[in-house]
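Understanding the architecture of this molecule
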Amino acid sequence: MIERSLRHDRKAQHLLYNRFSPRMLSVCRQYIKDLHHAEDVMITGFMKVFLNLKQFEGKGSFEGWMRRIMVNECITHLRARRQMGFLEDETFVEDTSNDIDDLLSVDDIQAAIDNLPDGCRMIFNLYAIEGYKHREIAEMLGITEGTSKSQLSHARQLLQQQMAPLKTYDHGTA
Amino acid sequence: MARHNIDKQVKRKLDEREIKPSDAAWNRLEAMLDDEQPRRKPMKWLFIAAGIAVVVALGSMVFRTDYVRQPAPAVVTAEPKGAVNDDAQKSPVPMVLPMPEKTQRAVAEQRHEAAREKLVAPAVSEPTLDIPTEIAVVVAPESVPSDPVPAVHQRKRITVNPDVLLSEVNRELDASFREKVIRSFGQSVHEVRVTLSNRNLEQQ
């Protein structure tokens with residue numbers, strides 16, 4: 001499919017799109033609250049995927065390569081809309097390790113992530129979901145590593161605060 | 001730093017999630033792709049199909065067995081020496097074309113039949129070019145020995161339409177050119193086959 005897509009074979013491109021678009025829209029939705037905007041960003045991301053397909057050298061997974069393009073596209077989108085405010089808080093607070101309940105639905109989790117401040121949400125997604133390091137996040141977003149760490153810590157605390165009542169409610173003990 | 005438990009749990013949940021895009025999303029992407037990446041036309045298949053058609057056409061021409069060489073019609077046959085032809089003297093444009101004996105015989109037979117037909121039913125000439133030309137057909141006695149009518153004394157007046165004759169000559173020229181092309185192509189194919197077979201033998 002990738003070889004045929006390289007030759008501008010529209011049918012192969014459609015097959016690639018059908019296979020990966022649900023996952024990629026999910027990735028975009030992590031960063032962008034509005035689903036329609038997330039879909040716009042996903043389409044732009046797929047456009048870049050097809051235009052730069054020859055740069056994929058087959059090293060690593062194709063889905064991972066696409067995912068990085070989508071994440072970069074989300075960052076560009078949020079930066080253009082000035083939805084990336086960071087609290088320049090250099091004080092790094094060690095997290096208190098608390099689990100969340102496995103019974104929580106993905107919609108509950110997404111709702112909790114949506115409620116995070118823009119900068120916190122971005123850094124949590126990049127670090128916790130995509131697996132970037134603080135140094136890489138700092139380079140990508142033009143912030144310091146300390147800011148990245150403090151924003152992550154803040155995001156975790158906010159998430160736990162939001163999910164605790166959901167956890168109690170889902171267990172039916174409230 | 002070790003991954004936080006909440007990170008792992010959120011990641012696991014989100015990695016499993018899929019959100020189906022709207023039906024219009026692909027159409028929008030396709031429109032963008034059409035602007036940036038023009039679709040490749042299937043030119044390769046067109047070329048292959050055209051090549052196969054050419055090969056089949058040439059092959060059918062080369063290996064056609066029912067190809068019949070049409071006899072070359074002539075306007076006037078050669079006259080035997082010493083024969084006095086009053087009609088020929090009357091002819092405004094007397095033409096003498098030397099021809100091989102075989103052809104002379106064939107043409108004489110053809111002209112003889114044509115003359116008979118034309119005497120029964122004269123050819124309808126076109127109104128703009130209706131210039132009947134009188135020519136004499138003299139058939140040598142040795143050329144048609146089986147003819148029941150003595151050919152030397154066979155003198156008939158016939159009416160010939162020059163347009164018809166001109167078109168016959170043109171057709172003959174076209175046929176000879178086509179024949180040359182076919183013969184040269186056949187020779188080339190034969191040479192290639194011989195060369196290939198020699199090479200294969202040398203390799204063995």
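Residues numbered from 1 in each chain as written. Chains lettered and ligands numbered in written order. Predicted model: local features only at pLDDT ≥ 70, side-chain atom pairs only at ≥ 80, totals over all residues. Heavy atoms only, no water.

Describing the interface of chain A and chain B
Interfaces are frequently sized by the accessible area removed from exposure as the parts join. Which entries qualify depends on this criterion: Whether two residues are in contact is decided by their heavy atoms, any of which lying within 4.5 Å being enough. A simple way to read buried area is as the amount of 1.4 Å-probe accessible surface that goes missing from two parts once joined, with both sides added. When a carboxyl oxygen of Asp or Glu is within 4 Å of a side-chain nitrogen of Lys or Arg, the pair counts as a salt bridge. Polar contacts, as counted here, are pairs of nitrogen or oxygen atoms within 3.5 Å of one another; within protein the pair requires one atom able to donate a hydrogen and one able to accept it, and residues that are adjacent in sequence qualify only if both atoms are side-chain atoms. Runs of E in the DSSP output that reach at least two residues are strands. Runs of H or I that reach at least four are helices, and both are numbered from the N terminus. In this classification, Asp, Glu, Lys and Arg are treated as charged, Ala, Val, Leu, Ile, Met, Phe, Trp, Tyr, Cys and Pro as nonpolar, and every other residue, Gly included, as polar.
The interface is formed by 47 residues belonging to chain A together with 32 residues belonging to chain B. Approximately 4000 Å² of surface area, both sides summed, lies buried where chain A meets chain B, with 58% of it carried by carbon and sulfur atoms. It is A:His8, A:Arg10 and A:Met47 in chain A that bury the most area against chain B; as a group they hold 18% of the surface buried on that side. Across the chain A-chain B interface, the total number found is 5 salt bridges. Among the salt bridges present, the one from A:Glu39 reaches B:Arg28, with a minimum N-O distance of 3.8 Å. Where chain A meets chain B, there are 11 residue pairs in polar contact (both at pLDDT 80 or more). Of all the elements in the fold, those that place two or more residues in the side of chain A that touches chain B are helix 2 (10–31), helix 3 (35–51), helix 5 (106–114), helix 6 (118–129) and helix 8 (145–170) of chain A. The leading source of residues in the side of chain A that touches chain B is helix 2 of chain A, at 11 residues. Per-class residue counts for the side of chain A that touches chain B are 23 nonpolar, 13 polar and 11 charged.

Notes on the confidence of the model for chain B
Residue and element names in this part refer to chain B. For clarity, the threshold we go by: Each residue gets a pLDDT score, which is the predictor's confidence in that residue and runs from 0 to 100.
Mean pLDDT for chain B: 70, with 50% of residues reaching 70 or above. The lowest-confidence element of chain B is strand 1 (residues 133–136), averaging 49 in pLDDT; the highest-confidence one is helix 2 (residues 23–36), averaging 90. Confidence drops under pLDDT 50 across residues 123–134; counting only partners more than four residues distant or on other chains, this segment forms 18 contacts. Overall, residues 136–141 carries pLDDT values under 50, and its contacts beyond four positions in sequence, including any with other chains, amount to 19 contacts. Reported confidence for the predicted complex is 0.81 by ipTM and 0.53 by pTM.

With respect to the pattern of salt bridges
All names here are of chain A. The following threshold applies: In this scheme, a residue with accessible area under 20% of its type's maximum is buried, one over 50% is exposed, and one in between is partly exposed, where area comes from a 1.4 Å probe on protein chains only.
Applying the stated criterion across every chain, the model contains 13 salt bridges over all chains. Salt-bridge contacts for Glu-63 lead to Arg-23; the nearest nitrogen and oxygen are separated by 3.3 Å. Highlighted residues: Glu-63 in helix 4 (residues 62–80) and Arg-23 in helix 2, separated in sequence by 40 residues. The exposure class assigned to Arg-23 is partly exposed, which follows from its relative accessible area of 23%. The closest approach of N and O atoms between Glu-73 and Lys-48, which form a salt bridge, is 3.1 Å.

Things to note about the side chain of A:Arg29
Looking at where A:Arg29 falls in the secondary structure, it is placed in helix 2. Overall, A:Arg29 belongs to the buried group, its relative accessible area being 13%. At a separation of 3.3 Å, a polar atom in the side chain of A:Arg29 contacts the main-chain carbonyl oxygen of A:Lys33. Among residues more than four places away in sequence, those in contact with A:Arg29 are A:Leu35, A:Ala38, A:Gln110, A:Asp114, B:Arg17 and B:Ile19.

Quick notes on helix 4 of chain A
Residues and elements named next belong to chain A. This is how the line gets drawn: By this rule, a helix spans an expected 1.5 Å times one less than how many residues it contains.
With 19 residues, helix 4 ought to run about 27 Å at 1.5 Å a step, and its terminal C-alpha atoms sit 27 Å apart, in line with that. For helix 4, the set of buried residues is Phe-62, Trp-65, Met-66, Arg-67, Ile-69, Met-70, Val-71, Glu-73, Cys-74, Ile-75, His-77 and Leu-78. Phi turns positive one or two residues past the end of helix 4, at Arg-82, with a value near 55°.

Quick word on a nonpolar patch on the surface
Under the convention used in this document: Excluding any residue in a salt bridge, patches collect residues exceeding 30% relative accessible area, merging like charges within 9 Å and nonpolar Val, Leu, Ile, Met, Phe, Trp and Tyr side chains within 5 Å. Every accessible area reported is derived by Shrake-Rupley at a probe size of 1.4 Å, with residue values counting cover from the shown protein chains alone.
Together, B:Val54, B:Leu58, B:Met61 and B:Phe185 give the surface a local cluster of nonpolar side chains, amounting to about 290 Å² of exposed area. For B:Met61, the location among the structural elements is in helix 3 (residues 43–62).

With respect to the packing of aromatic side chains
To keep it simple, the criterion reads: Here the aromatic set is Phe, Tyr and Trp, taking the six-membered ring for Trp, and pairing holds for ring centres within 6.5 Å; pairs whose planes are under 30 degrees apart are stacked, those over 60 apart are edge-to-face, and all others are tilted.
Summed over the entire model, instances satisfying the criterion amount to 7 aromatic pairs over all chains. Centre to centre, the rings of A:Phe46 and A:Phe50 are 6.1 Å apart; their planes meet at 35°, and the pair counts as tilted. Of this pair, A:Phe46 and A:Phe50 both sit in helix 3, 4 residues apart, which is roughly one turn of that helix. Joined through ring pairs, the aromatic side chains of A:Tyr17, A:Phe46, A:Phe50 and B:Trp26 make up one cluster.

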